[in-house]
Amino acid sequence: MARKIMHIDMDAFYAAVEQLDNPELRGKPVIVGADPCGRGVVSTCSYEARRFGVRSAMPIREAFRRCPQGVYLPPRGGRYAQISRQIMNILSQYTSLVEPLSLDEAFLDLTASESLFGPAEDIARQIVAKIETEVGLSASVGIAPNKFLAKLASDLKKPKGFVIITNENMESVLENLPVSKIWGVGPKTEAALKELGIHTIGLLCKVELDVLTGRFGESGEDLYCLARGIDERPVSPDEEAKSIGHELTFQTDTGDRQFLSGVLLWLADQVARRLRQYQLQGRVITVKIRDNNFKTITRRTTIPVATDFEEIIYREGHKLAEQANWGGKKVRLIGISVSGFAKDEPVQLDLFGESGSENEDALGKLHQTVDQLRERFGDQIITKGTIMQVQKRMGQDDKTR
Ligand SMILES: [Mg+2]
């Protein structure tokens, strides 16, 4: 029996929350992200801003050039997390099989819910209506027999999209879509496929498996299956609670260790802040490094005491990266995550030795203060030296693109 998987994705989430909280911003181009004079990127922008050609992940200066009349706001993570909880609560009223992908996106397995609440399509419409009336935001939905197709479907008609893919219409939906619509196909894989003359998913279906694995290794197999709409992955409810991570794909592959260390520190900082936001501490640190040949190495370590400190996450992550010989090759992507959360464990063994526990308390308080300041005044208020350097380097990379 075909599964009924739903993917829901809020429309322009951060910007929509800003417009919800401040009615004066409605109908205006709202851009949430870094300081428009700095070197950061756009996090999310409203659909009004998209009309000017602004996109998420675009360098913020480019956004400012295209849309100087826009309203530029720093992200308010805590507020978005609060609204996210409201949305996830609504989702969980229809099934316990909810897998959040981020604050504004989730998979639901509605297969078993149909006997209780009626057809998946009706459930999805109820959910969207509920979010609109109770939260005040709009969402796009995809329903399909698996996660890949459901996610693809929710993206086809944004905003307020509602697309159903079945085994019957699957081929005709996929056939003429660009290969970039496949989950995990970024600009480089797209370019590599184009070199082989493969522009659409329909064309990809005509390629033999060994050709794809010969060119892309293990991920060739994923390409082969996804192009045919095959995806057996289950919806796993506590995915988000299992790990919190952050990763970055470079615009230019780099083997510069010093630069990579800076990026790792920045990533560790992002992860630590999110851990504190969710009041989580973890013992397992995982580093992921993908080289320019798409080979991905993951290394993990377990530390004695659960942490939410960027200093510790960075230190351990750096050791792992060194063991993986990260500067030996050009790196395409780097990521770090923390898992193994110690939610109910009594806190806390003393990491710094007995006399150090005061230090640790002080450091914890400092982190809280910094997080609060950033929440109120934006990221730019407190920036570490290394992070500044990283942003500068990333800015340079932007230019060389
Ligand atoms: Mg979204």
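This structure is a prediction, so every number in the text was calculated from the model and none was measured. (Residues numbered from 1 in each chain as written. Predicted model: local features only at pLDDT ≥ 70, side-chain atom pairs only at ≥ 80, totals over all residues.)

1. Remarks on the overall build of the protein
Let me state the cut-off plainly: The secondary structure listing takes helices from DSSP runs of H or I that are at least 4 residues long and strands from runs of E that are at least 2 residues long, numbered from the N terminus. Think of it as a crowd count around each C-beta: if 20 or more other C-beta atoms lie within 10 Å the residue is buried, if 12 or fewer it is exposed, and in between it is partly exposed, with C-beta placed from the backbone throughout.
Counting its secondary structure elements, the protein contains 17 helices and 12 strands. When the 401 residues of the protein are sorted by exposure, 35% land in the buried category.

2. Overview of the packing of helix α4 (residues 77-91) against helix α6 (residues 120-135)
The relative placement of two packed helices comes down to the angle between their axes together with the axis-to-axis distance. Rules: An axis is simply a line fitted to the C-alpha atoms; with a helix, the fit covers only the stretch in contact. Between two such axes, the angle follows the N-to-C directions and lies from 0 to 180 degrees. Helix crossings get a hand from a simple test, with the near helix turned counterclockwise from the far one by less than a right angle marking a left-handed crossing and a clockwise turn marking a right-handed one. Note on contacts: residues are paired as contacts if their backbone-placed C-beta atoms lie within 7 Å. When residue character is reported, Ala, Val, Leu, Ile, Met, Phe, Trp, Tyr, Cys and Pro are called nonpolar, Asp, Glu, Lys and Arg charged, and the others, Gly included, polar.
Two numbers describe how α4 lies on α6: the axes approach to 10 Å, and their chain directions differ by 145°. For the pair α4 and α6, the crossing hand works out as right-handed. Taking contact as the criterion, the partners of Ile 83, Gln 86, Ile 87, Ile 90 and Leu 91 in α4 are, on α6, Ile 127, Lys 130, Ile 131, Glu 134 and Val 135. Residues belonging to the contact of α4 with α6 are distributed by class as follows: seven nonpolar, one polar and two charged.

3. Observations concerning the sheet that holds strand β2 (residues 30-33)
Which entries qualify depends on this criterion: Think of it this way: DSSP has to see at least two bridges between two strands before they count as a pair.
What the three strands build is an open sheet, ordered β3-β2-β4; its pairing is mixed. Strands at the two margins of the open sheet, each flanked by one partner only, are β3 (42-45) and β4 (71-73). On average, each strand axis in the sheet is inclined to that of its neighbour by 25°, with strand direction left out of account. Of the pairings in the sheet, the one linking β2 to β4 comprises three bridges and is parallel in character. Of the residues in β4, the one forming a bridge with Ile 31 is Tyr 72.

4. As for the sheet that holds strand β9 (residues 243-254)
As summarised here, the arrangement of the four strands in space is β9-β12-β10-β11, forming an open sheet in which the pairing is antiparallel. Strands with a single pairing partner mark the edges of an open sheet, and in this sheet they are β9 and β11 (296-307). In this sheet, neighbouring strand axes are inclined to one another by 15° on average, regardless of whether the strands run parallel or antiparallel. Pairing of β9 with strand β12 (residues 331-341) involves eight bridges; the strand directions are antiparallel. Note that in β12 the partner of Glu 247 across the bridge is Gly 335. Where helix α14 (residues 257-277) meets the sheet, it contacts β9, β10 (282-291) and β12, and its direction lies at approximately 35° from that of β12.

5. Let's talk about the pairing of strand β7 (residues 139-144)
Our working definition: We call a crossover right-handed when, viewed with the strands running away from us, the connection from the first strand over the helix to the second turns clockwise.
For β7, the tally of buried residues reaches six of six residues, placing the bulk of the element in the interior. Neither face of β7 is open: one carries Ala 139, Val 141 and Ile 143, the other Ser 140, Gly 142 and Ala 144, and all of them are buried. Regarding the hand of the β-α-β motif, the stretch spanning β7, helix α7 (residues 147-156) and strand β8 (residues 162-164) is left-handed.

6. Remarks on the packing of α14 against helix α15 (residues 310-323)
Threshold: Roughly parallel here means an angle under 35 degrees, roughly antiparallel means over 145, roughly perpendicular means 65 to 115, and every remaining angle is called oblique.
Contact pair α14 / α15: the axes reach a minimum separation of 8 Å and the direction vectors enclose 135°. Relative to α15, the element α14 lies oblique. Here α14 and α15 pass one another in a crossing that is right-handed. Taken together, the residues of α15 that come into contact with α14 (itself represented by Ser 261, Leu 264, Leu 265, Ala 268, Asp 269, Val 271 and Ala 272) are Glu 310, Ile 313, Tyr 314, Gly 317, His 318 and Ala 321.

7. Comments concerning unusual backbone geometry
For the bond from Lys 158 to Pro 159, the omega torsion is -10°, close enough to zero to count as cis. The topology assignment puts Pro 159 in the loop between α7 and β8. Phi angles above zero are rare outside glycine, and Lys 160 is one such case at about 55°. By secondary structure assignment, the location of Lys 160 is in the loop between α7 and β8. With a phi angle near 55°, Asn 325 is a residue other than glycine that sits in the positive phi range. In this fold, Asn 325 is placed in the loop between α15 and β12.

8. Things to note about the pairing of β12
In terms of residue burial, β12 counts as a mostly covered element, since eight of its 11 residues are buried. The sheet contact formed by β10 and β12 spans nine bridges and is antiparallel. If you follow Ile 285 over to β12, its bridge partner there is Val 338.

9. So, the nonpolar core
Note that soluble globular proteins tend to have their nonpolar side chains buried in a common cluster. Stated precisely, the cut-off is as follows: A set of buried Ala, Val, Leu, Ile, Met, Phe, Trp, Tyr and Cys residues, joined to one another through C-beta atoms within 7 Å, is what we call a nonpolar core. Each domain's extent is set by a domain assignment, obtained either automatically or from a database.
Met 6, Ile 31, Cys 45 and Leu 108 are the most contacted members of the largest nonpolar core, which has 66 residues in total. Two domains each put at least three residues into this core: domain 1 (1-165) and domain 2 (171-227). Within the second largest apolar cluster, 23 residues are counted, among which are Leu 264, Leu 265, Ile 285 and Tyr 314.

10. Observations regarding the environment of Phe 13
Within the secondary structure, Phe 13 is located in helix α1 (residues 13-21). Along the backbone, Phe 13 and Leu 137 are 124 residues apart, and their C-alpha atoms lie at a distance of 8.2 Å.

11. Looking at helix α12 (residues 218-227)
Along an α-helix, a turn takes 3.6 residues, which lines up residues three or four apart on a common side. For α12, the set of buried residues is Leu 223, Tyr 224, Leu 226 and Ala 227. Packed against the buried residues of α12 are α7, α10 (201-204) and α11 (209-216). Remark: Gly 229 follows α12 within two positions and exhibits a positive phi of approximately 70°.

12. Quick look at the confidence of the model for the protein
Counted only if it meets this: In predicted models, pLDDT denotes the confidence assigned by the predictor to each residue on a 0 to 100 scale.
Overall, the predicted model of the protein reaches an average pLDDT of 86, with 87% of residues at or above 70. Under a pLDDT of 50 for its full length, residues 344-356 has, in the predicted model, 11 contacts with residues more than four places off or in other chains.

13. Concerning the environment of Ile 60
If you trace the backbone, Ile 60 turns up in helix α3 (residues 60-66). Assessed through the 21 C-beta atoms surrounding it within 10 Å, Ile 60 is described here as buried. Along the sequence, Ile 60 and Arg 39 sit 21 residues apart, while their C-alpha atoms lie 6.8 Å from each other.

14. Here we look at the environment of Val 71
Summarising the element assignment, Val 71 is placed in strand β4. The class of Val 71 is buried, set by 20 C-beta atoms lying within 10 Å. For the pair Val 71 and Cys 45, spaced 26 residues apart in sequence, the C-alpha separation works out to 9.7 Å. In this structure, Val 71 is in contact with Leu 25, Lys 28, Pro 29, Val 30 and Ile 31, ignoring residues within four places of it in sequence.

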